[in-house]
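# Geometric and topological summary
Next come the chains, spelled out residue by residue.
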Amino acid sequence: MEIFTYLEQYDYEQLVFCQDKQSGLKAIIAIHDTTLGPALGGTRMWTYASEEAAIEDALRLAKGMTYKNAAAGLNLGGGKTVIIGDPRKDKNEEMFRAFGRYIQGLNGRYITAEDVGTTVADMDLIHEETDYVTGISPAFGSSGNPSPVTAYGVYRGMKAAAKEAFGTDSLEGKVVAVQGVGNVAYNLCRHLHEEGAQLIVTDINKEAVQRAAEEFGAKVVNPDEIYSVECDIYAPCALGAVINDKTIPQFKAKVIAGAANNQLKDTKHGDIIHEMGIVYAPDYVINAGGVINVADELYGYNQERALKKVEQIYTNIEKVIGIAKRDQIPTYMAADRMAEERIERMRNSRSQFLQNGHHILSRRKF
Ligand SMILES: NC(=O)C1=CN([C@@H]2O[C@H](COP(=O)(O)OP(=O)(O)OC[C@H]3O[C@@H](n4cnc5c(N)ncnc54)[C@H](O)[C@@H]3O)[C@@H](O)[C@H]2O)C=CC1
Ligand SMILES: CC(C)CC(=O)C(=O)O
């Protein structure tokens, strides 16, 4: 990978490599765009096949956060971190504290939170070294684990997408195939079960599927069977690139609406599912609940205010579908248009000089 060529192609601002020999920390912070405000995005800990794969993941996820934060109406830019390592074996206190010091060194250009492989306890360790971290324990007056709120947002967005496909937003009796029943999808399954949807689930973790079967009466299938099951809605809630050349011919669903980041392997896959008449709820619009929730901490966390904003994911999905219909384009393109137009409008409105460059962080009650 030619790093500067890649950074230039998608206009990234900064890529930071963090190494701490004693704790084993190997982290990559990618900052994509800070036009709207400081870059906020979670920290993923994962066993990458290569350093190049880790860099690529950080870059793709950071760009996704720029679009997610812009589309959600947040005054925040996009960034993300990946820590190379196995979250079950390689974590230690020194690692997260060393990482916290690296974040502090960026002086507010990047604010972190949880993602796959990291927890509230990890954020609390980072918080020992820096204030530029969200999703820390409610004991600090913060919002805690963002996953249940992400799930609620996905549930709201799924209803809006269902309304477009089925003429009603009721999910009662609908068959929903859920891929991965981790932190977000477990909570999503609860909402769906409460509304009377029938669940088909899969996960590589046997305990996770067993819990969904016991608590929600979910039918369990093998991981590679989830794409082809008879269902109304497919909800990808594990990792990215699951909408691709291999999986698309297997799809029976009329709606794709799930929590995973970067669901389309390539933009062409968004075009193909559009041509097939599938209603696709763009990933970064539907899964913004978590970031909306943690971002509220920057104003002094108020759960009621945050949840009201998360409710609006329903309207945001409706808006995206409306743009797609108006401009005769796929929904992923409509979402990009919505996010890019907001960034551009804000970039253009920032033409006057302001002493000390007032931004969102100056309001935070540290
Ligand atoms: N946690 C949050 O608030 C947010 C999460 N997301 C995205 O949602 C997705 C899920 O996040 P979490 O629930 O937090 O992660 P998680 O790690 O708790 O859950 C992911 C689940 O997927 C399973 N899985 C992994 N590979 C699989 C495969 N090939 N087939 C079936 N299952 C597989 C894992 O065993 C795990 O149970 C991720 O893509 C994440 O980036 C997006 C926005 C916010
Ligand atoms: C988990 C969130 C709090 C932020 C994030 O990184 C995301 O939405 O993907």
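Not measured: the values here are computed from a predicted model.

### Quick notes on the packing of aromatic side chains
What characterises a pair of aromatic rings is the spacing of the ring centres plus the angle enclosed by the ring planes. For the coordinates displayed, the defined rule picks out 8 aromatic pairs. With a centroid separation of 5.3 Å and 55° between ring planes, the pair formed by tyrosine 6 and tyrosine 10 is classed as tilted. Of the residues examined, tyrosine 6 reaches a relative accessible area of 18% and is grouped as buried. Overall, tyrosine 10 belongs to the partly exposed group, its relative accessible area being 32%. Summarising the aromatic geometry, the rings of tyrosine 152 and tyrosine 155 are spaced 6.4 Å apart at their centres and angled 35° between planes, so their arrangement reads as tilted. A residue pair is termed a helical-turn pair when its members lie 3 or 4 positions apart in one helix, as tyrosine 152 and tyrosine 155 do in helix 5 (residues 147–166) at 3 residues. Here tyrosine 152 and tyrosine 155 have matching classes, each one buried.

### A closer look at the site of ligand 2
Taken together, Gly41, Gly42, Met65, Lys68, Lys80, Ala113, Glu114, Pro146, Asn261, Gly290 and Val294 form the complete shell of residues around ligand 2. Note that an oxygen atom of ligand 2 is positioned 2.6 Å from one of the side-chain N or O atoms of lysine 80. Protein contacts shield 93% of the accessible area of ligand 2, which totals 280 Å² for the unbound molecule. When contributions to the shell around ligand 2 are tallied by element, the ones reaching two or more residues are helix 2 (51–71) and helix 10 (289–295). Of the residues belonging to the shell around ligand 2, the class tally is 4 nonpolar, 4 polar and 3 charged.

### Remarks on helix 2
Its 21 residues give helix 2 an end-to-end C-alpha distance of 30 Å, which sits within 8% of 30 Å, the value for a rise of 1.5 Å per residue. Most of helix 2 sits out of view: 15 of its 21 residues are buried.

### A look at the site of ligand 1
Neighbouring residues of ligand 1: 21 residues in total, closest Arg44, Thr150, Asp203, Ala238 and Asn261. A distance of 2.6 Å separates an oxygen atom of ligand 1 from a polar atom in the side chain of threonine 150. Side-chain polar atom of aspartate 203 to an oxygen atom of ligand 1: 2.6 Å apart, as the coordinates give it. Protein coverage of the free-state accessible area of ligand 1, which is 830 Å², stands at 82%. Within the residue set of the shell around ligand 1, elements represented by two or more residues are helix 5 and helix 6 (183–195). Residues belonging to the shell around ligand 1 are distributed by class as follows: 9 nonpolar, 8 polar and 4 charged.

Definitions and limits used
Residues numbered from 1 in each chain as written. Chains lettered and ligands numbered in written order. Predicted model: local features only at pLDDT ≥ 70, side-chain atom pairs only at ≥ 80, totals over all residues. Heavy atoms only, no water. Phe/Tyr/Trp six-rings, centres within 6.5 Å; stacked < 30°, edge-to-face > 60°. Buried < 20%, exposed > 50% of the residue type's maximum accessible area, 1.4 Å probe, protein only. Helix = DSSP H or I, 4+ residues; strand = E, 2+ residues; numbered from the N terminus. Near = heavy atom within 4 Å. Polar contact = N/O pair within 3.5 Å; in protein donor to acceptor, adjacent residues only side chain to side chain. Areas by Shrake-Rupley, 256 points an atom, 1.4 Å probe, with all protein chains shown as cover. Nonpolar A, V, L, I, M, F, W, Y, C, P; charged D, E, K, R; others polar. Expected span 1.5 Å × (residues − 1).

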